Structures are given as C-alpha cells and as structure tokens.
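Per-entry structural report
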Amino acid sequence: MEENKTLSGLKNTKGIVVGHDRIERFQAAFRGEVFRPGDSGYETARKIWNASIDKHPGIIARCSGVADVVTAVNFARENELLVAVRGGGHNVSGRALCDGGIVIDLSGMKGIHVDAKARIARVQGGATLGDVDRETHVFGLAVPAGVISKTGIAGLALGGGVGWLVRKYGLTCDNVLSFDIVTADGKPRVASANENEDLFWALRGGGGNFGVVTSFAFRVHPVSTVLGGLVIYPRDRAVEVFRFYRDFTQSAPEELTAYCALMYTPDGIPAVAVIACYCGDLTEGEKVFKALRAFGSPMLDEIQPMPFPQMQTLLDAAFPDGNQNYWKSTFLRELSDDAIAVLVEHANRATSPLTGVTIEFYGGAASRVGVSESAFAQRQARYDLVIVAQWVDPGESQRHIGWARGLAEAMRPFSSGAYFLNFLGEEGEDTIKAAYGPNYDRLMAVKKKYDPKNFFRLNQNIKPAV
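Below, the structure is looked at part by part. (Residues numbered from 1 in each chain as written. Predicted model: local features only at pLDDT ≥ 70, side-chain atom pairs only at ≥ 80, totals over all residues. Heavy atoms only, no water.)

A few words on the pairing of strand 14 (residues 270-278). Burial analysis of strand 14 places 8 of its 9 residues in the buried class, the great majority of the element. In this sheet, strand 14 lies alongside strand 13 (residues 256-264) in antiparallel orientation, the contact comprising 9 bridges. Within the sheet, the bridge partner assigned to A261 lies in strand 14 and is A273. Where strand 13 folds back onto strand 14 in an antiparallel hairpin, the turn is made up of 5 residues, including G268, whose phi is positive at roughly 85°. (Buried < 20%, exposed > 50% of the residue type's maximum accessible area, 1.4 Å probe, protein only. Helix = DSSP H or I, 4+ residues; strand = E, 2+ residues; numbered from the N terminus. Pairing = 2+ DSSP bridges.)

On to empty space enclosed by the protein. A full pass over the atoms with the stated rule returns 2 cavities of 30 Å³ or more. Computed from the structure, the largest cavity encloses a volume of approximately 70 Å³. Lining the largest cavity are V162, V166, L171, F331, Y362, G363, A366, S367, F376, Q378, R379 and A381. Tallied by class, residues from the lining of the largest cavity come to 8 nonpolar, 3 polar and 1 charged. In terms of lining residues, the second largest cavity is bounded by G159, G205, A375, F376, A377, Q378, Y419, F420, L421, A435 and Y436. Of the residues assigned to the lining of the second largest cavity, the class counts are 8 nonpolar, 3 polar and no charged. (1 Å grid on protein atoms, 1.4 Å probe; cavity = no way out; pocket = protein on both sides within 12 Å on 5 of 7 lines; lining within 4 Å. Points joined across faces, edges and corners; volume = space filled by probe spheres on them. Nonpolar A, V, L, I, M, F, W, Y, C, P; charged D, E, K, R; others polar.)

What follows deals with the packing of aromatic side chains. Across all of its chains, the model carries 20 aromatic pairs by this definition. For the pair F319 and W327, a centre-to-centre distance of 6.1 Å together with 70° between the ring planes defines the contact as edge-to-face. For W327, a relative accessible area of 10% puts it in the buried group. Taken together, a centroid distance of 6.3 Å and an interplanar angle of 50° make the contact between W327 and F423 tilted. Of the two residues, W327 is situated in strand 17 (residues 324-332) and F423 in the loop between helix 13 (397-410) and helix 14 (429-436); the sequence distance between them amounts to 96 residues. The class of F423 is buried, set by a relative accessible area of 14%. Taken together, the aromatic side chains of W49, F319, W327, F331, Y362, F376, F420 and F423 make up a single cluster linked through ring pairs. Directly above the aromatic system of F200 lies the positively charged group of R204, at a separation of 4.0 Å from the ring centroid. Above the face of the W201 ring, R442 is positioned so that its terminal group lies 3.8 Å from the ring centre. (Phe/Tyr/Trp six-rings, centres within 6.5 Å; stacked < 30°, edge-to-face > 60°. Lys NZ or Arg CZ within 6 Å of the ring centre and 35° of its normal.)

So, on to the sheet that holds strand 10 (residues 188-192). Strand order in the open sheet made by the 5 strands is 7-8-11-9-10, with antiparallel pairing throughout. The open sheet has two free edges, formed respectively by strand 7 (112-115) and strand 10, since each of these has just one partner strand. In this sheet, neighbouring strand axes are inclined to one another by 15° on average, regardless of whether the strands run parallel or antiparallel. Summarising the sheet, strand 7 and strand 8 (residues 120-124) pair through 4 bridges and their orientation is antiparallel. Within strand 8, the position partnered with D115 by the bridge is I120. (Axes fitted to C-alpha atoms, helices over the stretch in contact; angles between N-to-C directions.)

Our next topic: the nonpolar core. Note on soluble globular proteins: their nonpolar side chains tend to be buried together. Counting residues in hydrophobic clusters, the biggest one holds 50 residues, and the most contacted among them are W164, V223, V226, I275, F308 and M311. If you list the elements that add at least two residues to this core, you get helix 3 (42-45), helix 7 (166-169), strand 12 (225-234), strand 13, strand 14, helix 11 (308-311), strand 17 and strand 19 (383-391). Look past the residues within four positions of M311 in its chain and what remains in contact with it is W164, V226, G228, G229, I275, A276, C277 and M306. Counting 47 residues, the second largest nonpolar core, distinct from the first, contains Y245, A258, Y264 and F295. (Core = buried A, V, L, I, M, F, W, Y, C linked by side-chain atoms within 4.5 Å. Contact = heavy atoms within 4.5 Å.)

Turning next to the sheet that holds strand 4 (residues 59-62). Overall, mixed pairing links the 4 strands, which are arranged 3-4-6-5 in an open sheet. The sheet is open, and its two edges are formed by strand 3 (33-35) and strand 5 (83-86), each paired on a single side. Across the sheet, the mean angle separating the axes of adjacent strands is 20° when strand polarity is ignored. Relative to strand 6 (residues 102-105), strand 5 runs parallel, the two sharing 4 bridges. Across the sheet, the residue bridging to A84 is V103, located in strand 6. Strands strand 3, strand 4 and strand 6 of the sheet are contacted by helix 2 (residues 20-29), whose axis makes an angle of about 15° with strand 4.

Written out as structure tokens, the structure reads:
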C-alpha cells in the first residue's frame, strides 16, 4: 500500500510532490470521478480524438457540477499544478490535456435547457454540438455552431465559432448572451452585457484564457430543415471548380454558407467538392443552388433537404477518432487565380488519402460586428484556408507534417497575416497575437484582472499585462 502511495505522487510545476493526504482530501471533497495513473478508466479518460496527442495527466477530475469545478480550481491553485480544461476535447493541438498536472474535465456536464419562447438555450460546458442540436431541434431551433457534431461547444464558442449558419446568424460567440465561469481565484461569476462586462467582451473570442466556463446562454434561431450536401467533381476539374466557387459565393445570399475542398472519396479517388448549406426558404434555396448543380459534370450531387442536425454530421466521418492529425490555417487576402493554382498543385501532391484542404467563405452577419465589439477581431476576413493532414501510421508523421507545412509556406504570399484561433495547432506567440489583432492589448488587461498569474495558460495564451 505504501508503494502505491509513492507511485501515485503528483508533482506541481516546481517539481515538488503533492502529498497523498492532500490528494485524498481533494478526492473526498469532489463529487465527480477522479482518474489517476493506474486507475481503471484512466487510459480512456486521457485520450482524445487526435491520436497524435499522447499526454499523461497526474489527475483527471471529471466534474459533476460547478461545485466540483470550484474544488478542482482551488486544489490546483493551492498546489501550483499545471491546469488543462477539457470541454469536448476536439482542439487539434490537444490543449484539453497536459502532462503531469490536472485536467479539469467537463465532459460529464452536458445539461441543456431550451426556453423556446424566449429563444434561449442554456448549455453546460461539456456538451458537444451534437448534444446541442438534438435538444434545440425538437423546438425547430438551432445555435449557430460548427460543422462537426463531435466538437465541444465550449472551445468552439470561446474561440469564435464558425459553422453552417455563420453568414445568416453570425459567429457562435456573437450568439452568447451570458457565461457562467469559475475564475482563477475559484469564484463563480456571471459575465454578460450587464455584469462583468469586460469579461463578457473577452470571452467572446478570447479562448480559454480567463477561467473555466461551466455554462453558456445562447440565442437560438428558427432553423429546422435546411437544403444542403455535397457536390463532388473529378480532381482534374479543381481549378475550374474553385474559380466557379469564388464567383458563386460572391453573389450568394446570406442564407447560404459554402466551402470548397480538395479531398478524397471514401475509396481513395482524388476529388474536389463544394459542401453547402442553405438555411432559408427551401424553394428559394433550390434557385440558389441551380448554378452549382448545373456547373460541369459532377461525379455526385447530394444536395437535398435534411434536418439541420443531419447537416451537422455530414463531415463527421472525415474526422474519425484515432487518426493522426496536424492542421495549419490562415486567412487569405483574396481567392485569386494564382492562389488557386498554388493550392491545387500542392494539394495534388498530398502524402495521405485521408488529408483534405478546404477554403471556407465567411462574410455576412459576422462581418457586420465591429472589430472592437468583442475579442474576436477578424471580422472582415472572407476566405479561410484550412489544411488538415491526417494519417494512420505514427511512423509516417514527419512526412505528412512536412507536406502540410510546405503547403502553408507556399500559400504565405496570399495570406492576410491573420488567423482563426479555433484552427491553430502549436503556433508561436506572433501568430497568436496576429489572431487577436488590435484587441490583444485590451485582452492582456482583462487577463491581468482575472488571471494575473496566468493560471490558465494551456490555451492560445494571452499573457497578463505587465
């Protein structure tokens, strides 16, 4: 038994072992599940969807409610532990986990309450987009959020949040009415337009820098059945398809959100696809899609009416659990012919048939919010390039990572020099500053007020103002 106690020693950021008695007191005060190395369930609890991430936390504290979050934050602060916060765990760089410290795991907190009359959904921090869609769809409503149903709503919303409804209803963070948050001092607070307004401003795009968000109040919108799906063309038509896509989206109504992707079919055939969602009147949507469906000779046309939650799962199969992943991303100044040529040429040399390269077109409602109205600064960005290198064998990692970096470098001349936080992996401080743009100094001041010691630093980190 004594040997087991020694093995279970937890070290803080200074390398000092946290006494077993302190850990036992924490566990006694904690209502949820606690996983430690060697415990049954620990190996499963420390895994996320991206197999490239292999971290071994000293403690995983799966919270049952706000009181557990307060207990975990206080325990971590008093013992100077490295802290990671896990919502959905879908961030590609694995910020939901850490080596040796504590993971404050919200995955057991998935409660959702929809007030259909007030058009508000209250969502706990461990819910995924699929969880939210399931509850809101019953009322014919939806939260504008993401494109992969397994994504955690918390990380998505805190970083901005772009999805199929972005052009009509704005970013996910634009639809947050209030946050319930536990800050570094262990205090539960509310951040809204009327309470802790500086924190409310910072949480709408500032990432996980300011505390553990235990729940959100979202504005929901009347979206039930949408017109959407994929139109897939042969890869040798890629340049033409991208040029058509550029012109098609320029004149598109805000009810339409469309992406263009260089990808592979399930049987490994290189292809190019337009993936689109129209969230307005379906008869009008058919007219909007007419030009897309008439262009060229598609290999497959799957545009059809479907429940919105089904639209949210269309790309899930392309992001399975257990594959290796490495992402790069940047906003483009414009989708010029030269940019398209470089993009297609490099994508044709992709080193894995699981890899995809996507252009996402924004604009619309999100671009009508002022740059300084929330922490999310990239309001005028239109085209976002997302490079998703994906493979199975970890022994091939360097080859596939090298290809992704090579494409990112080749596209640098077309970059606006700005970035979207939710798509960034392990990037340098300059990239993070560029993502926050002109709001960075103000964010540093809010960080200093609520987290002066940078307790929450496993994120797209904002250092407290000096």
